[in-house]
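Per-entry structural report
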Amino acid sequence: MIALAAGLLGIFVVSRRMSLVADALSHVSLPGVSLALRFGFDPFFGALGVLIFAVLGIEGIQRRRPALRDTLVGVTFTAALAVGILIGTDEGLLESLFGSIEKMDRATALSAILGGLLILGLTAVNFQRFAKITFSSEIAASEGISVKRSNLLFLLLLALSVAIGLKTIGVLLMGALIILPAATARNLSRTLRSMTVVTLMVAAADVLLGFRVAEQFNLLPGPTVVVIGALIFLVSLLARPVEQHFHHAGH
Amino acid sequence: MADMNALLEVRNLSVRLNQADVIRDVSFSVEAGKTVAVIGPNGSGKTTLFRALLGILPYEGEIIWHRRARFGYVPQQLEFDRAFPLTVRELFLLKRPRAGFWLPSESVSALIQNALNHVGAEHLVNRRVGHLSGGELQRVLIATALFEKPDVLFFDEPTAGIDIGGEVTVYKLIEHLAEELKLTVFLISHDLAVVSRYVDQVLCINQRLLCSGAPEKVLTAEQLRALYGSEAAVYRHEHEEEEGRRGHHGQPL
């Protein structure tokens with residue numbers, strides 16, 4: 001469920017060239033996790049709090065100094081990672097970095113699934129709006145779409161998915177789960193609609209296959225899922241030229 | 001001054017971008033169903049004026065639409081990620097309600113074909129938007145801008161060179177569509193020959209509004225020299241008979 005939600009968001013992350021932002025968001029959640037561990041509340045809320053703060057920050061920067069985004073995002077977020085490690089306690093932190101899906105209790109699993117559903121639903125409802133803005137925010141705005149509000153919603157959904165990832169495959173790897181399925185699907189699809197369907201299929205395949213392999217060889221599930229996802233992406237790269245060739249022949 | 005037929009009234013419009021005035025104290029009104037050209041040198045605020053009228057930019061002053069107007073907008077240079085796998089067909093479908101995007105009906109497909117036919121782009125329907133040439137993209141954008149039956153079409157620098165089947169240029173097409181669909185059209189153009197032929201009203205802008213009115217009144221050598229500086233020679237060369245010496249006043253841009 002989480003993989004599906006992350007994958008669907010990933011379509012726009014990849015198409016808007018925001019891969020770095022997604023990745024950075026997963027780092028920035030760490031100080032939140034550390035604080036939460038120090039003061040004994042649920043790391044999920046610590047991470048979510050810091051993430052929402054970060055998202056509002058990115059929004060502000062983007063509006064005032066669009067050119068600075070990449071640099072600032074990079075700098076702030078590696079710094080956040082360092083701070084998170086410094087103030088953190090090692091055991092809990094490691095768990096957040098790489099996930100602890102095998103230790104997950106019923107309630108956590110349920111809330112992760114609900115969160116995933118929420119993200120999936122909101123992304124589906126806003127799909128056309130997000131796609132229009134990705135194509136041209138200028139034209140979207142002229143049609144009366146509030147670009148600012150949509151972008152904020154998009155970033156908040158991204159933040160929520162990272163926070164949920166914390167409990168499952170770990171924040172460090174959540175970025176991969178967002179980007180890999182969509183990047184793979186883009187290599188294999190000719191239309192936005194087929195890219196969406198393929199993204200969801202790849203996301204499901206990554207996770208199912210990853211867990212199966214992890215179980216078989218007694219590996220950590222989180223990293224295994226990501227490695228499998230990366231391998232599938234590589235295969236899709238090889239498949240791409242074939243597709244384009246076919247495309248030309250069709251003309 | 002208040003015009004009973006006015007669709008749009010603009011009063012004392014100013015737009016500031018990065019602490020600099022791009023447009024200052026511009027006022028004009030436009031009647032419904034007219035075709036209006038905005039002319040002026042590069043960097044004079046034409047596109048900014050469009051964006052303010054479309055409600056994309058914050059501004060000072062008043063922009064009053066007397067009727068609820070639906071906008072169609074064809075921007076000048078669209079920058080988008082060419083790897084975004086959106087097809088021409090999907091670009092239309094994005095405008096439909098949700099189910100219509102995922103499972104389009106036969107009738108919508110026919111509407112899309114029809115819209116593309118109008119601009120001579122029916123063969124592009126399954127192409128990726130990112131793979132279109134500049135001219136093809138512009139035709140597709142015109143068709144999508146008109147798809148939801150707007151009342152007002154904004155067109156930033158139509159490429160005069162695009163032939164839409166035979167001799168029909170983009171301007172002929174716009175003229176034809178404006179008549180058929182009773183559109184009010186705003187266009188930004190550098191081609192003054194075209195402006196004088198196809199439009200009802202001209203707005204000359206260089207930060208401030210320098211002139212406004214019917215093309216035969218506004219497009220005089222004197223006005224153009226004030227607007228463009230020495231660039232006005234281009235127009236004179238084509239259309240004015242004599243009007244010898246080139247004006248040295250007016251700021252060259």
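Keep in mind the model is a prediction, meaning the values are calculated, not measured.

As for the overall build of chain B
Summing up its helical and strand segments, chain B has ten helices and nine strands in all. Per-residue burial for chain B yields a buried fraction of 38% across its 253 residues. Within chain B, contacts between residues separated by at least 24 positions form 62% of all contacts whose residues are at least 6 apart in sequence.

Topic: the overall build of chain A
In terms of helices and strands, chain A carries twelve helices and zero strands. Listing each helix as α and each strand as β along chain A from the N terminus yields α-α-α-α-α-α-α-α-α-α-α-α. In chain A, of all internal contacts separated by at least 6 residues, the share reaching a separation of at least 24 is 73%.

Notes on the sheet that holds strand β6 (residues 152-156) of chain B
Residues and elements named next belong to chain B. Strand order in this open sheet of six strands is β5-β6-β7-β3-β8-β9, and the pairing throughout is mixed. Each edge of the open sheet carries a strand with a single partner, namely β5 (71-74) and β9 (208-213). Averaged over all neighbouring strand pairs, the angle between strand axes comes to 15°, with direction disregarded. Pairing geometry for strand β8 (residues 201-206) and β9, over five bridges, is antiparallel. Within β9, the residue paired with Leu203 across the bridge is Ser212. In this fold helix α5 (residues 134-147) packs onto β5 and β6, with an angle of close to 175° to the strand it touches most, β5.

Points about the sheet that holds strand β1 (residues 6-17) of chain B
All names here are of chain B. The three strands are arranged β2-β1-β4 in an open sheet whose pairing can be described as antiparallel. The outermost strands of the open sheet, each flanked by one partner alone, are β2 (20-31) and β4 (60-65). Taken pair by pair, the neighbouring strands of this sheet meet at an average axis angle of 15°, ignoring direction. Of the pairings in the sheet, the one linking β1 to β2 comprises eight bridges and is antiparallel in character. Looking at the pairing, Leu8 lines up with Val30 of β2. The sheet strands contacting helix α1 (residues 46-53) are β1, β2 and β4, and the helix crosses β1 at an angle near 120°.

Here's the deal with unusual backbone geometry
Negative phi values dominate among residues other than glycine, just as trans dominates among peptide bonds. For Lys182 of chain B, which is not glycine, the phi dihedral falls at a positive 55°. With respect to the helices and strands, Lys182 of chain B occurs in the loop between α6 (170-181) and β7 (184-188).

Some thoughts on the packing of helix α2 (residues 19-39) of chain A against helix α10 (residues 171-188) of chain A
All names here are of chain A. One way to put it is that α2 packs onto α10 with a least axis distance of 8 Å and a crossing angle of 160°. Considering the angle they form, α2 stands roughly antiparallel to α10. Handedness of the α2/α10 crossing: right-handed. Residues Ser19, Ala22, Asp23, Ser26, Ser29 and Leu30 of α2 touch α10, and the partners they reach there are Val171, Leu172, Met174, Gly175, Ile178 and Ile179. Looking at the contact of α2 with α10 residue by residue, the class counts come to seven nonpolar, four polar and one charged.

With respect to the interface of chain B and chain A
Each partner contributes to the interface: chain B provides 18 residues, whereas chain A provides 19 residues. Secondary-structure elements contributing two or more residues to the side of chain B that touches chain A are β5 and α3 (98-102) of chain B. Looking at the side of chain B that touches chain A element by element, the count peaks at three residues for α3 of chain B. Tallied by class, the residues present in the side of chain B that touches chain A amount to 14 nonpolar, one polar and three charged.

Quick look at the pairing of β6 of chain B
Residues and elements named next belong to chain B. Burial of β6 is extensive: five of the five residues sit out of reach of the surface. Going residue by residue along β6, you find Val152, Phe154 and Asp156 tucked away on one face and Leu153 and Phe155 tucked away on the opposite face as well. Alignment of β6 against β7, held across five bridges, turns out to be parallel. Bridging from a neighbouring strand, Phe155 pairs with Leu187 of β7.

Some remarks on helix α9 (residues 221-228) of chain B
Side chains of residues three or four places apart in an α-helix project in the same direction, reflecting 3.6 residues per turn. Residue and element names in this part refer to chain B. Leu224, Arg225, Leu227 and Tyr228 are the residues of α9 that are buried. Down the axis of α9, the smallest arc covering the buried residues is 165°, so these residues share one side. Downstream of α9 by a residue or two, Gly229 has a phi angle that is positive, lying close to 70°.

Here's the deal with the nonpolar core
Membership of the largest hydrophobic core comes to 144 residues, with the highest contact counts inside it found for Leu9, Leu25, Leu51, Ala159 and Ala163 of chain A together with Phe154 of chain B. Counting residues per element, this core draws most heavily on α10 of chain A, which supplies twelve residues. Among the domains, domain 1 (1-70 + 150-253) and domain 2 (81-148) of chain B are the pair contributing at least three residues each to this core. When near neighbours in sequence (up to four residues on either side) are disregarded, Leu51 of chain A contacts Leu25, Val28, Ser29, Gly32, Ala159, Val162 and Ala163 of chain A.

With respect to helix α6 (residues 106-125) of chain A
Residue and element names in this part refer to chain A. Between the first and last C-alpha of α6 there are 29 Å, a value that for 20 residues agrees with the 28 Å anticipated at 1.5 Å per step. Turning to α6, its buried residues are Ala112, Gly115, Gly116, Ile119, Leu120 and Thr123. When α6 is viewed along its axis, its buried side chains cluster within an angular range of 135° and face the same direction. Opposite the packed face of α6, turned more than 90 degrees from it, sit the exposed residues Arg106, Ala107, Leu110, Leu114, Gly121 and Val125.

Observations concerning the environment of Gln201 of chain B
Residue and element names in this part refer to chain B. Relative to the helices and strands, Gln201 resides in strand β8. The sequence separation of Gln201 and Gln77 amounts to 124 residues, and the corresponding C-alpha distance is 25 Å. Those residues in contact with Gln201, other than ones at most four positions away along the chain, are Val30, Lys34, Val36, Gly213 and Ala214.

Overview of the confidence of the model for chain A
Residue and element names in this part refer to chain A. The predicted model of chain A averages 81 in pLDDT, with 88% of residues at 70 or higher. Between the elements of chain A, mean pLDDT differs from a low of 68, seen in helix α5 (residues 90-98), to a high of 92, seen in helix α7 (residues 127-135). Low pLDDT (under 50) marks residues 242-251, which in the prediction has one contact with non-local residues, meaning those over four places away or in another chain.

About the thresholds
- Residues numbered from 1 in each chain as written.
- Chains lettered and ligands numbered in written order.
- Predicted model: local features only at pLDDT ≥ 70, side-chain atom pairs only at ≥ 80, totals over all residues.
- Helix = DSSP H or I, 4+ residues; strand = E, 2+ residues; numbered from the N terminus.
- Buried ≥ 20, exposed ≤ 12 C-beta atoms within 10 Å, placed from the backbone.
- Contact = placed C-beta atoms within 7 Å.
- Pairing = 2+ DSSP bridges.
- Axes fitted to C-alpha atoms, helices over the stretch in contact; angles between N-to-C directions.
- Parallel < 35°, antiparallel > 145°, perpendicular 65-115°, else oblique.
- Left-handed = near helix turned anticlockwise from the far one by under 90°.
- Nonpolar A, V, L, I, M, F, W, Y, C, P; charged D, E, K, R; others polar.
- Arc of directions from axis to C-beta.
- Core = buried A, V, L, I, M, F, W, Y, C linked by C-beta atoms within 7 Å.
- Domains from an automatic or database assignment.
- Expected span 1.5 Å × (residues − 1).
- pLDDT = per-residue confidence, 0-100.

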